[in-house]
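Letter by letter, the chains look like this.
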Amino acid sequence: MKNITLIFSIFIAIQISSQQKIAVWEKGTMPNSKGIKLGIVEEKEGRITQIQEAELFAFLPAKEERKKMAIIIIPGGGYKHLTYDLGGYSYAKWLNTLGISAFVLNYRLPTSPDLKQREIGPLQDIQAAIKLIRKNAEQYGISADQIGVLGTSAGGHLAAMVSNIPIDYTELKGDWTGVSQIPNFAILVSPVIDLGEFAHKGSRNNLLGENASLEKIKEYSMQHRVTEKTPNTILFHAQNDPAVPVINSILYYEAMIKNKVKGAMFIFPEGEHNIGISNKTELTDNWKKIGEDWLGDMIAK
């Protein structure tokens, strides 16, 4: 009986560890903080509007099914809240069916009263998350050079930021300095890209403030930041998206072509701002098969 209990306990421990919560910042290392103690605020189930520190939630396939690839999922929410369930966990579970390790990032929102500089808070968190996963790649059974990001909506903007801003804002010292914070590839789903004429105004105002200068708006419009060093990227968007105009993805892809960045873009006639794991039309739902094939090609390389 004791042996059965022990085996059961080990099984439960393994199950829990496969969806473990990981602190992104070691104690005393989180930059850009005023030191204000904040509680987690969840406006409704699946949507958080405030956190104290960034956290990763690991979803790991069984070891015998696990590929060497890992993807950090960046939920959207207009930089006002984190849609960690539909925009995070659901994608992670889908990636696990492909044998891909997934890590959902709950990042500090730029609206947090604790941030000294609002616009770089989310970027610092995703940069640190990439460094953390890359540094501990062997522990997770993945390859340090097969770590990508998947961002939806405003999370797509953050995924584009970490793909294109080469400055390391983490302020991490010692052996952390030799660990790259740039992802190896990116998947952008209905992404916010432009913060000017075609902006999702809520995302822009929450990230930069309501009185941002034209210079600041251009600086954080990611189509202007693409270079030949931008990682391979695939974009998915719906033509009838009422929240984030499809021109956002088009502008980014045009910049990729100009800078000879390998990638692809797929625009679906339907889907609105709801391209996800469950979709209203079979045509739009094809994005998952396309994404799977693209990731398979990335693994082959």
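Only a predicted model underlies this, so the values are computations on that prediction, with no experimental measurement involved.

A.B. asks: What is the right way to read the packing of aromatic side chains from this model?
C.D. replies: Note on aromatic pairs: each is described by the distance of the centres and the angle between the planes. For the structure on display, the rule yields nine aromatic pairs. With centroids separated by 5.9 Å and ring planes inclined at 65°, the aromatic side chains of Phe 57 and Tyr 89 adopt a geometry described as edge-to-face. Residue Phe 57 is located in strand 4 (residues 55–59), and its partner Tyr 89 is located in helix 2 (residues 85–97); the two are separated by 32 residues in the primary sequence. The same class applies to Phe 57 as to Tyr 89, namely buried. Here Phe 236 and Trp 287 contribute two aromatic rings whose centre-to-centre distance is 5.2 Å and whose plane-to-plane angle is 65°, an arrangement assigned as edge-to-face. Of this pair, Phe 236 sits in strand 9 (residues 232–238) while Trp 287 sits in helix 10 (residues 287–300), and the two are 51 residues apart along the sequence.

A.B. asks: Mind showing me how you'd approach the nonpolar core here?
C.D. replies: Generally speaking, nonpolar side chains in soluble globular proteins are found buried as a group. With 87 residues, the main nonpolar core has Leu 56, Ile 71, Ile 72, Phe 103 and Ile 126 as its most contacted residues. When residues of this core are assigned to their parent elements, the largest contribution, seven residues, is made by helix 3 (residues 121–135).

A.B. asks: Teacher, can you tell me more about the sheet that holds strand 8 (residues 185–189) here?
C.D. replies: Strands pair in a sheet through their backbones, by hydrogen bonds, and they do so in one of two ways: parallel or antiparallel. Reading across the sheet, the eight strands line up as 1-4-6-5-7-8-9-10 and stay open at both edges, with mixed pairing between neighbours. Here the strands that pair on one side only, and so sit at the sheet edges, are strand 1 (21–23) and strand 10 (263–268). Going across the sheet, the axis of each strand differs from the next one's by a mean of 20°, ignoring polarity. Pairing of strand 9 with strand 10, which is carried by six bridges, proceeds in the parallel orientation. Looking across to strand 10, one finds that Phe 236 is bridged to Phe 266. On the sheet, helix 5 (residues 154–164) packs against strand 5 (70–74), strand 7 (147–152) and strand 8 and is oriented at approximately 145° with respect to strand 7.

A.B. asks: Quick question: what am I supposed to make of the side chain of Gln 52 here?
C.D. replies: Assignment of secondary structure puts Gln 52 in the loop between strand 3 (47–50) and strand 4. Among the polar contacts made by the side chain of Gln 52, one reaches the main-chain carbonyl oxygen of Ile 36 at a distance of 3.2 Å. A distance of 2.3 Å separates a polar atom in the side chain of Gln 52 from the backbone nitrogen of Leu 38. Apart from residues no more than four positions distant in its own chain, Gln 52 is found in contact with Met 30, Ile 36, Lys 37, Leu 38, Arg 108 and Asp 114.

A.B. asks: Looking at this structure, I do not really get the pattern of salt bridges. What am I missing?
C.D. replies: For side chains of opposite charge, pairing can occur when their charged atoms come near one another. Enumeration over the complete set of coordinates arrives at nine salt bridges. Across the salt bridge formed by Asp 125 and Arg 108, the nearest N and O atoms sit 3.0 Å from each other. Taken together, the residues Asp 125 in helix 3 and Arg 108 in the loop between strand 6 (101–106) and helix 3 connect sequence positions 17 residues apart. In this pair, the class of Asp 125 matches that of Arg 108, namely buried. The salt bridge partner of Asp 285 is Lys 288, with a shortest N-O separation of 3.2 Å. Judged by its relative accessible area of 16%, Lys 288 is buried.

Thresholds applied
- Residues numbered from 1 in each chain as written.
- Predicted model: local features only at pLDDT ≥ 70, side-chain atom pairs only at ≥ 80, totals over all residues.
- Heavy atoms only, no water.
- Phe/Tyr/Trp six-rings, centres within 6.5 Å; stacked < 30°, edge-to-face > 60°.
- Helix = DSSP H or I, 4+ residues; strand = E, 2+ residues; numbered from the N terminus.
- Buried < 20%, exposed > 50% of the residue type's maximum accessible area, 1.4 Å probe, protein only.
- Core = buried A, V, L, I, M, F, W, Y, C linked by side-chain atoms within 4.5 Å.
- Pairing = 2+ DSSP bridges.
- Axes fitted to C-alpha atoms, helices over the stretch in contact; angles between N-to-C directions.
- Contact = heavy atoms within 4.5 Å.
- Polar contact = N/O pair within 3.5 Å; in protein donor to acceptor, adjacent residues only side chain to side chain.
- Salt bridge = Lys/Arg side-chain N within 4 Å of Asp/Glu carboxyl O.

Purely geometric stuff here, so don't read any function into it on its own.
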